[in-house]
Amino acid sequence: MDEGENSPTVEARSVKRARPDGTDAPHANGSSHRVEATMPASKQPAVPTKALRSVLKVFVVKTDPNYAQPWQMRPQRSSSGSAFIVDTKRRHIMTNAHVVSNETTVHVRRPGNPKKWRAKVLCEGKIADLALVTVEDDQFWTDELLDLQFVDVPELQDSILVAGYPLGGDSLSITKGIVSRVVMTRYAHASKKLLGIQIDAAINPGNSGGPAFADLQQAKVAGVAFSKLANADNVGYIIPYQIIKHFLQEYELHGIFRGCCSVGFRWQDMENTHLREHLQVAAQQSGSLIYRIDPLAPAHEVLKENDVVMQIDGVPIADDGTVEFRNEERVEFSHIVRAKHIGESLVVKVLRDGALLALEYQLKQRRPLVPILHGVDCVPSYFIVGGLVFVPLSIPFLEHAYGGLNWRKLAPVPILALVTEYCELPDEQVVVLFQILAAEINFGYKFQTVKCELFNGRELHNLKQLAEAVDACT
């Protein structure tokens, strides 16, 4: 299992973000009752009125990269989302990263106020799908605005109110639901799993970045709305405070969000009786089997394949790879790793050849052979020679070349097999011949999305090496 996956194959996840403008995302068919946030002054409590004044609508003009034709950008488009104020003193506003990613301009608007204020992105964490923005104009902050405070993960069945600006209207709206469960979920396609809260309140396109109130009277927020489950009714997800706190600490200490830690190995469950006997795991013992270790991770110097990880930071691991979260709730043990910051140490207890060992190593961010997120571990790049277009293989490239999640079905099998592999070298890339621009010199060539392994008999490790090798030809 790798970073919370059940197998080394890529999971075809059907979760789709609540895209702010509704493009490339389905309209929700949720049946949650929607009530208008605006109520007569004589009936509306003062505190909720102030709390809702801190929920903002975000207007974004963005220009996305084009990995299928990396020499140009995609057409400019407009979208909208939600946000809320978390610190008036430092002028911090929180929203989703996917709401403001690739922005050209960002503006925010308070409820009941027609004026749009120019905003600036301070920090963007695409892995956690969180972003901090600010408004530099002093006049925006002269009104009485309330800091919305975060609370820890609510209990199951606790009420949740999701506030934001979904499609279907321009004013603030609220949907009501409950906490259904706490799970590990992907915040971005093919990325690492992080702790998430599943709720049954409707989260529609435009709700992204809005607050999910645990207590509107006290202005307490349980998390940030960010996605919904496609092809399901009223299954939405919010980002809990544990992830938000990690993001804010990263910004406070480093000025950027550096990412999440990787455990440094892949593992599988230990529920098979014969496997347990072979590895000398006693009846009262439990854990997960390590079957692959990242060659570039610090774990490679400490752990060995066929080690059985029994504890992580003193927390016992069950045979299904889960740890106790609270009461009778369990989550994958990768949650403990994700809660740590890059550079911190991890203490593991492993069973090796029947002997128990206590080991420790430093945590770092994973460097996948096939990068996952634009602006995090890849940017568009290309090399053209003789009409042959070479690009580095990445998930954004596959999405653009084969259309969203369809790449999992349409991309060549040899290419898909590389997606879960580790880098063997620090600067290693998979160079692929993507398309051929017709010319006399390449007449008759019909290759597409083929891995380029050798150039003039020399093994290729990245796109830069290919360009240098071509330039060196005489």
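Along each chain, the written sequence defines residue order, and numbers are assigned to residues from 1. It should be noted that, the model being predicted, local features are given only for residues of pLDDT at least 70 and side-chain atom pairs only at 80 or more, the latter also being counted only at that level, while totals for whole chains, interfaces and linings use all residues. Here the side-chain values reflect all heavy atoms present in the structure, with hydrogen atoms and water set aside.

A word on the side chain of Gln198
Note the cut-off: Every helix listed is a DSSP run of H or I at least four residues long, and every strand listed is a run of E at least two residues long, numbered separately from the N terminus. In the analysis that follows, any N or O atom pair within 3.5 Å is treated as a polar contact, provided that within protein one partner can donate a hydrogen and the other can accept it, and provided that, for residues neighboring in sequence, both atoms belong to side chains. Note on contacts: a residue pair qualifies if any of its non-hydrogen atoms lie within 4.5 Å across the two residues.
Structurally, the position occupied by Gln198 is in strand β12 (residues 193–199). Here the side chain of Gln198 touches Arg181 through a polar contact of 2.6 Å, side chain to side chain. Once residues lying within four places of it in the same chain are set aside, the contact partners of Gln198 are Ile178, Val179, Ser180, Arg181, Val235, Gly236 and Tyr237.

Digging into a nonpolar patch on the surface
Spelled out, the test is: Put simply, a patch holds well-exposed residues, over 30% relative accessible area, that have no salt bridge, with like charges counted together within 9 Å and Val, Leu, Ile, Met, Phe, Trp or Tyr side chains within 5 Å. The accessible surface values rely on the Shrake-Rupley method and a 1.4 Å probe; as for residues, cover is taken only from the protein chains in view. Within this document, salt bridges are pairs made up of a side-chain nitrogen of Lys or Arg and a carboxyl oxygen of Asp or Glu, the two lying within 4 Å of each other.
Residues Trp71, Tyr382, Ile384 and Leu437 make up a contiguous nonpolar surface patch of about 330 Å² in total accessible area. Its location among the elements puts Ile384 in strand β24 (residues 383–385).

Quick look at the pairing of strand β21 (residues 329–332)
Counted only if it meets this: In this scheme, strands are said to pair when DSSP sees at least two bridges between them.
Judged from the four bridges that link them, strand β20 (residues 322–326) and β21 form a sheet pairing that is antiparallel. Paired with Thr322 across the two strands is Glu332, which belongs to β21. Counting the residues between successive antiparallel strands, the hairpin from β20 to β21 contains two residues, one of them, Asn327, with a positive phi of roughly 45°.

Thoughts on the packing of aromatic side chains
In plain terms, the rule: Aromatic rings from Phe, Tyr and Trp, taking only the six-membered ring of Trp, are treated as a pair when their centres fall within 6.5 Å; an angle between ring planes under 30 degrees marks them as stacked, one over 60 as edge-to-face, and anything in between as tilted. Two limits define a charge over a ring: the Lys NZ or Arg CZ must be within 6 Å of the ring centre, and within 35 degrees of the ring normal.
For the coordinates displayed, the defined rule picks out 11 aromatic pairs. Considering the side-chain rings of Trp71 and Tyr382, the 5.5 Å spacing of their centres and the 70° angle between planes classify their relative orientation as edge-to-face. Pair noted here: Trp71 is in the loop between β3 (55–62) and β4 (77–87) and Tyr382 is in the loop between β23 (355–362) and β24, with a separation of 311 residues, a long-range link. Taken together through their ring pairs, the aromatic side chains of Phe84, Phe150 and Tyr241 make up a single cluster. Across the ring face of Trp117, the terminal group of Lys115 is positioned such that the distance to the ring centre comes to 4.7 Å.

Things to note about the confidence of the model for the protein
This is how the line gets drawn: Scored from 0 to 100, pLDDT reflects the predictor's confidence in each residue.
Per-chain confidence: the protein averages 88 in pLDDT, with 89% of residues scoring 70 or above. By mean pLDDT, the top-scoring element of the protein is strand β5 (residues 92–95) (98), and the lowest-scoring one is strand β2 (residues 34–36) (39). Here residues 1–45 scores under 50 on pLDDT; set against residues more than four positions off or in separate chains, the count is 132 contacts.

Regarding helix α9 (residues 463–471)
Our working rule: Buried means the residue's accessible area, taken with a 1.4 Å probe over protein chains only, is under 20% of the maximum for its type, while exposed means over 50%, and partly exposed covers the values in between.
Within α9, the full set of buried residues consists of Leu463, Gln465, Leu466, Ala467, Ala469 and Val470. Against the buried residues of α9 lie β24, β25 (388–392), β26 (431–436), β28 (454–455) and β29 (458–459). Capping the start of α9 is the job of one residue whose side-chain oxygen sits 3.3 Å from the backbone nitrogen of Lys464: Asn462.

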